[in-house]
Structure formats: C-alpha cells, structure tokens
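# Results of the structural survey
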Amino acid sequence: MNEPVRIEVGGDRPYEVVVGEHLLGELAGMLTGAQRVLIVHPGALTASAEQVRADLEEHGFEVATAEVPEAEEAKTAQVAAFCWGVLGQAGFTRSDAVVGLGGGATTDLAGFVAATWLRGVRVVHVPTTLLAMVDAAVGGKTGINTAEGKNLVGAFHPPGGVLCDLVALESLPVHDRVAGLAEVVKAGFIADPEILTLVEAHADALRAPELTADVRPVLRELVERAVRVKADVVSRDLRESGLREVLNYGHTFGHAIEQVERFRWRHGAAVAVGMVFAAELARLAGRLDEATVARHRSVLAALGLPTTYAADQWDRLLTAMRRDKKTRGDLLRFVVLDGVARPSRLEGPDPTLLAAAYAEIAADRGSARAL
Ligand SMILES: NC(=O)c1ccc[n+]([C@@H]2O[C@H](COP(=O)([O-])OP(=O)(O)OC[C@H]3O[C@@H](n4cnc5c(N)ncnc54)[C@H](O)[C@@H]3O)[C@@H](O)[C@H]2O)c1
Ligand SMILES: O=C(O)C(=O)C[C@@H](O)[C@H](O)[C@H](O)COP(=O)(O)O
Ligand SMILES: [Zn+2]
C-alpha cells in the first residue's frame with residue numbers, strides 16, 4: 001500500500017487534503033477539540049457512515065448521523081433545515097463538528113449546514129466520488145440550489161481537512177466516475193496539460209466498468225494533480241474575487257443545462273458540454289485555435305462524456321446563464337481559454353457569437369444525451 005500524499009491548502013486557516021487508501025484512522029485527528037460530531041451522508045453510504053460512527057465513538061466522540069437524499073435532491077433548503085434540526089436536538093455547540101461523507105452534493109450540503117450552524121462550525125469532508133475528491137470537497141465553496149438555479153445560496157466555508165480515500169472509488173458506479181473525470185479534464189485544460197496527456201493515454205481503462213490494477217495508479221495521479229490545481233487556486237483566492245473563476249470553466253453553460261434538465265444530468269456531464277461550448281466561443285472570438293477545440297471534443301468523447309446538447313433550448317439556457325454568479329448586471333461573463341493552461345475571460349460576448357457557439361454544439365434531441 002502506498003503512503004498517503006498530503007496536499008496543503010493555504011489561506012487564513014490552512015488544511016490538508018490527504019490522498020491515499022484506508023484513511024479512516026486519520027479522521028479523529030481532524031476533529032480534535034470537538035465533543036459531538038454529525039455525519040451527513042446519503043442512504044447509499046449508510047454502511048460507511050456506520051463504520052465512521054464506530055471509529056469516532058471509539059475515540060470518545062458523541063456521534064449523530066443525518067441520512068440525506070441522494071445526489072442533487074440533497075441540495076435543498078428543506079434538507080438543510082432537517083440537518084439544522086438534528087444539530088439543534090443534539091445540542092451542537094461552536095466547538096462541535098460536521099463530517100460530510102459522500103459525493104459533491106453531500107459535501108456541498110454538509111459544508112453549507114456547517115457554515116450556517118451557529119454562524120459556522122468546523123466541517124471535515126470524506127469525499128467518496130471522484131468528483132468530490134478532485135473538486136467539490138476542496139476549497140470551501142458550499143451551497144444548495146433554489147427553484148431558480150444551481151448553487152444560488154451558499155457560503156465560502158473551508159473545511160478543517162479532507163480525506164480522499166481511493167478505496168471508495170471501487171464501489172462508485174462507472175457513470176459517476178466518468179462524470180468526475182470531466183472536472184479532472186477541466187483542471188487539465190485550465191492549468192495542467194499533463195492531466196490531458198494521461199487521460200488521452202488511458203481513456204479506455206478510465207471509463208471501463210471495473211477499475212483494473214494497471215489504471216489505479218493513473219487514477220491516483222490524476223486525483224493528486226487535480227487536487228493540486230484546485231488547492232493552488234483556492235489558496236490564492238478563496239472568495240472568487242478573480243483568479244478562482246477559472247475553476248468555473250465550462251460551468252456557465254453546464255449549470256444552465258443542469259437547470260433546464262431539472263438536474264437529471266450529472267454535473268460532470270453538463271460541464272463536459274459546457275467546456276466544448278466555451279471552447280467554441282473562444283474560437284469564434286478569435287482567441288482559441290481549432291486544434292485545441294478539437295482536443296476538447298476528442299478527450300471528452302474518449303471518456304464517453306457528452307459534447308453536444310439539444311438544439312431547441314436556447315432561450316431557456318440563456319435565462320439560466322443570466323443567473324450565473326459570474327454575471328454582473330446584464331453582462332454575461334465566461335471563462336475561456338487563450339490556449340491550454342491559459343485561462344482568461346470573455347465579457348459580454350455579442351449575442352450572435354453566443355448563438356453561433358450554441359449552433360456548434362447543438363444536436364437533435366435524440367442524439368444529445370447525458371451519461
Ligand atoms: N463545491 C464545489 O466546489 C463543487 C465542485 C464541483 C462539483 N460540485 C457539486 O458536486 C455535485 C456533484 O457531485 P458528484 O458528482 O460527486 O455526485 P453526487 O454527490 O450527486 O453523487 C452521485 C451518486 O453517487 C453516490 N455515491 C457517492 N459515493 C459513492 C460510492 N463510493 N459508491 C457508490 N455510490 C456512491 C451518491 O450517493 C449519489 O447517489 C453537484 O451538486 C455539483 O454542483 C461542487
Ligand atoms: O471551486 C470553484 O470555484 C468552482 O467553480 C468549482 C466548480 O467545479 C463547482 O461546480 C462549483 O460548485 C461551481 O460553483 P458556482 O459558484 O458556479 O456555483
Ligand atoms: Zn463543477
């Protein structure tokens with residue numbers, strides 16, 4: 001078994017992202033000082049939550065659990081209120097802590113609950129999907145959705161630590177693994193081209209139903225590289241005053257797809273299409289070469305991720321994009337690339353340019369598909 005790798009995330013309250021295998025023994029140390037711990041988890045991870053509970057009780061913590069709905073169904077005000085109720089009933093104080101155990105939807109919710117309970121208590125994340133390991137659990141963006149859109153309510157609330165136990169990926173359905181790879185590819189395009197080379201070389205094994213022994217080290221390297229990209233960005237700009245926006249590459253259009261599809265598309269699948277849209281937009285604006293746009297399509301398609309979307313949804317997509325957090329007044333703002341690892345901004349693109357980029361990714365209803 002390899003030694004865990006520890007990646008430090010800087011800022012006012014630095015913390016570690018630990019990447020390795022069988023990391024449960026590390027959790028109690030990240031909760032030192034707390035008396036009570038709430039484990040927030042989806043039903044799919046009840047058995048893991050019980051293991052975590054047993055371990056923490058052995059270390060003397062009083063443990064409560066909150067089972068929350070799967071996936072995006074968890075990111076609602078009602079589910080947050082349910083968690084606040086559990087915290088209140090169990091008498092959680094400011095020195096107590098929340099553990100987010102699950103995918104990005106669970107860690108977004110658990111982080112939000114921790115950010116808001118008593119105006120902020122410690123949260124430690126134990127991400128169990130690839131996407132949550134490489135992205136959602138790191139960096140302190142927490143949030144829930146409203147009827148009007150994705151992540152419209154939230155807070156910046158960095159965790160006290162993150163445990164990326166790669167063993168969890170063994171039980172993760174392949175479509176969720178592939179969805180997580182979309183955010184890995186994002187990290188490649190915005191900052192670390194070696195990620196793209198690795199994905200291109202191992203795409204078939206990375207998207208195979210079962211993880212094989214030869215691809216596990218590749219996956220681990222991808223996790224470490226993507227976490228380093230994220231850690232570097234959020235260490236320098238926690239509150240998204242500028243630099244952090246690069247992590248939103250592909251998300252303006254991607255979040256709009258999620259909203260139009262009422263969250264039946266996985267986040268990673270929507271972001272995959274969103275990156276192709278952003279690449280086409282940059283090309284049409286004279287900023288990005290055709291080869292790099294083609295590379296977007298080829299690397300994402302090699303993983304089995306979608307690169308097209310229904311041709312008849314422009315008005316709804318545009319309405320959703322206007323609610324993107326990068327929008328300022330009526331000014332739509334996109335993260336685009338001037339080249340691989342050269343992220344930049346495109347502000348207030350001409351409507352004809354946006355429509356032209358949409359035409360490049362548009363497909364018949366039947367052929368545009370989620371994972
Ligand atoms: N805060 C951030 O910076 C950030 C970054 C990226 C994405 N996100 C958010 O993350 C969410 C997507 O996260 P996701 O892709 O992890 O999906 P998810 O959290 O919706 O999980 C997908 C499904 O996999 C199940 N699952 C989780 N771990 C499992 C395991 N080890 N074995 C079997 N099943 C498992 C979950 O219970 C769920 O049903 C979106 O809401 C997105 O907005 C947040
Ligand atoms: O950490 C960030 O910053 C990101 O933008 C990472 C994204 O992958 C993630 O989906 C994030 O939740 C999007 O945030 P939002 O501010 O666009 O809601
Ligand atoms: Zn994302």
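Fair warning: this is a prediction, and the values are worked out from it, not measured in the lab. Every chain's residues receive numbers from 1 upward, in the order its sequence appears when written. To read the labels, note that chains go from A and ligands from 1, taken in the order they are written. Reporting of local features is limited, given that this is a predicted model, to residues whose pLDDT is at least 70; pairs of side-chain atoms are given and counted only at 80 or more, and all residues count toward the totals for whole chains, interfaces and linings.

Turning to the sheet that holds strand S5 (residues 97-102), a few remarks are in order. Hydrogen bonds between backbone groups are what pair the strands of a sheet, and the pairing can be parallel or antiparallel. Pairing within the open sheet is mixed, and its 7 strands lie in the order S1-S2-S9-S6-S5-S3-S4. Pairing within the sheet leaves two strands with one partner each, and these edge strands are strand S1 (5-9) and strand S4 (62-68). Pairwise comparison of adjacent strand axes, ignoring direction, gives a mean angle of 15° for this sheet. Should DSSP find at least two bridges between two strands, the strands are taken to pair. Numbering of helices and strands runs from the N terminus, with a helix taken as a DSSP run of H or I at least four residues long and a strand as a DSSP run of E at least two residues long. As paired strands, strand S6 (residues 122-127) and strand S9 (residues 161-165) are joined by 2 bridges and run parallel to one another. Residue Val124 lies in a different strand from S9, and its bridge partner there is Gly161. Our contact criterion uses C-beta atoms placed from the backbone: two residues qualify when those atoms are within 7 Å. Each axis is a line fitted through C-alpha atoms, taken for helices only over the stretch in contact, and angles between the N-to-C directions span 0 to 180 degrees. Packed onto the sheet, helix H4 (residues 104-116) meets strand S3 (36-42), S4, S5 and S6 and runs at close to 170° relative to S5.

Axis separation between helix H6 (residues 174-190) and helix H7 (residues 193-206) bottoms out at 7 Å; the angle between their running directions is 150°. Between H6 and H7, the interaxial angle falls into the category roughly antiparallel. Judged by the sense of rotation from one axis to the other, the crossing of H6 with H7 is left-handed. In this structure, H6 uses Leu181, Val184, Val185, Ala187, Gly188 and Phe189 to contact H7, whose residues at the interface are Pro193, Ile195, Leu196, Val199 and Leu206. Under this grouping Gly is polar, as are all residues other than the nonpolar Ala, Val, Leu, Ile, Met, Phe, Trp, Tyr, Cys and Pro and the charged Asp, Glu, Lys and Arg. Class assignment for the residues of the contact of H6 with H7 results in 10 nonpolar, 1 polar and no charged. What sets the label is the angle itself: under 35 degrees gives roughly parallel, over 145 gives roughly antiparallel, 65 to 115 gives roughly perpendicular, and the rest give oblique. Left-handed is the label given to a crossing in which the near helix is rotated counterclockwise from the far helix by less than a right angle, and right-handed is the label when the rotation is clockwise.

Attention now moves to the environment of Asn151. Its location among the elements puts Asn151 in strand S8 (residues 149-156). Judged by local crowding, Asn151 falls into the partly exposed class, with 19 C-beta atoms found within 10 Å. Taking the C-alpha atoms as reference points, Asn151 and Val40, 111 residues apart in sequence, are found 18 Å from one another. Burial is judged by counting the other C-beta atoms within 10 Å of a residue's own C-beta: 20 or more makes it buried, 12 or fewer makes it exposed, and any count in between marks it as partly exposed, with every C-beta position built from the backbone.

Two elements, S3 and S4, share 7 bridges in a ladder whose sense is parallel. Bridge assignment links Leu38 to a residue of S4, and that residue is Ala64. Handedness of the S3-helix H2 (residues 46-58)-S4 crossover: right-handed. Consider the strands pointing away from the viewer: the crossover is right-handed when the path from the first strand over the helix to the second runs clockwise.

With that settled, the discussion passes to the UniProt feature "domain: 3-dehydroquinate synthase N-terminal" (unreviewed entry) in the protein. Residues annotated by UniProt as "domain: 3-dehydroquinate synthase N-terminal" (unreviewed entry) correspond here to residues 67-175. As annotated, residues 67-175 comprises 32% helix and 30% strand, and the C-alpha atoms at either end are separated by 23 Å. UniProt positions are given in the numbering used here, feature names are shortened, and annotations may be inferred rather than shown by experiment.

The length a helix should cover is 1.5 Å for every residue beyond the first. With 13 residues, helix H3 (residues 77-89) should cover 18 Å at 1.5 Å per step; its first-to-last C-alpha distance of 18 Å lies within 8% of that length. Buried within H3 we find Val79, Ala80, Cys83 and Leu87. For H3, the arc enclosing every buried residue in end-on projection is 105°, short of the 170-degree limit, so these residues lie on one face. Facing away from the buried surface of H3 by more than 90 degrees, the exposed residues are Ala77, Gln78, Ala81, Gly85, Gly88 and Gln89. Buried residues in H3 make contact with S3, S4, H4 and strand S7 (141-146). Taken from the residues just after H3, Gly91 is the one with a positive phi, measuring 70°. Relevant arc is that of directions from the helix axis to the C-beta atoms, nothing else.

This next bit is on the site of ligand 1. In the vicinity of ligand 1 there are 31 residues, among which Ala71, Gly103, Gly104, Ala105 and Thr129 approach most closely. Contributing elements (two or more residues each) for the shell around ligand 1: H4, helix H5 (130-136), H6 and helix H10 (267-284). Grouping the amino acids of the shell around ligand 1 by side-chain chemistry returns 11 nonpolar, 12 polar and 8 charged. Marked domain ranges trace back to an automatic or database domain assignment. Mapping the shell around ligand 1 onto the domain boundaries places at least three of its residues in each of domain 1 (5-170) and domain 2 (174-205 + 241-363). Whether a residue is near a molecule or strand depends on its C-beta atom, placed from the backbone, lying within 6 Å of it.

A separate point is the packing of H3 against H4. It is the contact of H3 with H4, at a shortest axis distance of 10 Å, that shows an interaxial angle of 55°. Classified by the angle between their axes, H3 and H4 sit oblique to one another. Where H3 crosses over H4, the handedness of that crossing is right-handed. Between H3, through Val79, Ala80, Cys83 and Trp84, and H4, the contact on the second element is made entirely by Leu109, Phe112 and Val113. Tallied by class, residues from the contact of H3 with H4 come to 7 nonpolar, no polar and no charged.

Turning next to the site of ligand 2. Around ligand 2, the surrounding shell consists of Asp135, Gly139, Lys141, Lys150, Asn151, Glu183, Glu240, Arg244, Leu247, Asn248, His251 and Lys325. Among the residues making up the shell around ligand 2, the classes are represented as 1 nonpolar, 4 polar and 7 charged. When we break the shell around ligand 2 down by domain, the ones giving at least three residues each are domain 1 (5-170) and domain 2 (174-205 + 241-363).

Moving on: the environment of Leu206. Take Leu206: it is sitting in helix H7. By C-beta crowding, Leu206 is classed as buried, having 23 other C-beta atoms within 10 Å. Leaving out residues up to four positions away in the same chain, Leu206 has contacts with Leu181, Val199, Val215, Leu219 and Leu303.

Quick look at the domain arrangement of the protein now. When the domains of the protein are assigned, the result is domain 1 (5-170) and domain 2 (174-205 + 241-363). Of the residues forming the side of domain 1 that touches domain 2, the biggest block, 4 residues, is contributed by H5. Of the residues contributing to the side of domain 1 that touches domain 2, the split by class is 5 nonpolar, 3 polar and 4 charged.

As a further point, take the environment of Val113. Mapped onto the fold, Val113 is located in helix H4. A residue is classified by how many C-beta atoms lie within 10 Å of it, and Val113, with 28 of them, is buried. Separated by 82 residues in the primary sequence, Val113 and Ile195 place their C-alpha atoms 33 Å from one another. Apart from the residues within four sequence positions on either side, Val113 is in contact with Val40, Ala80, Cys83, Trp84 and Val98.

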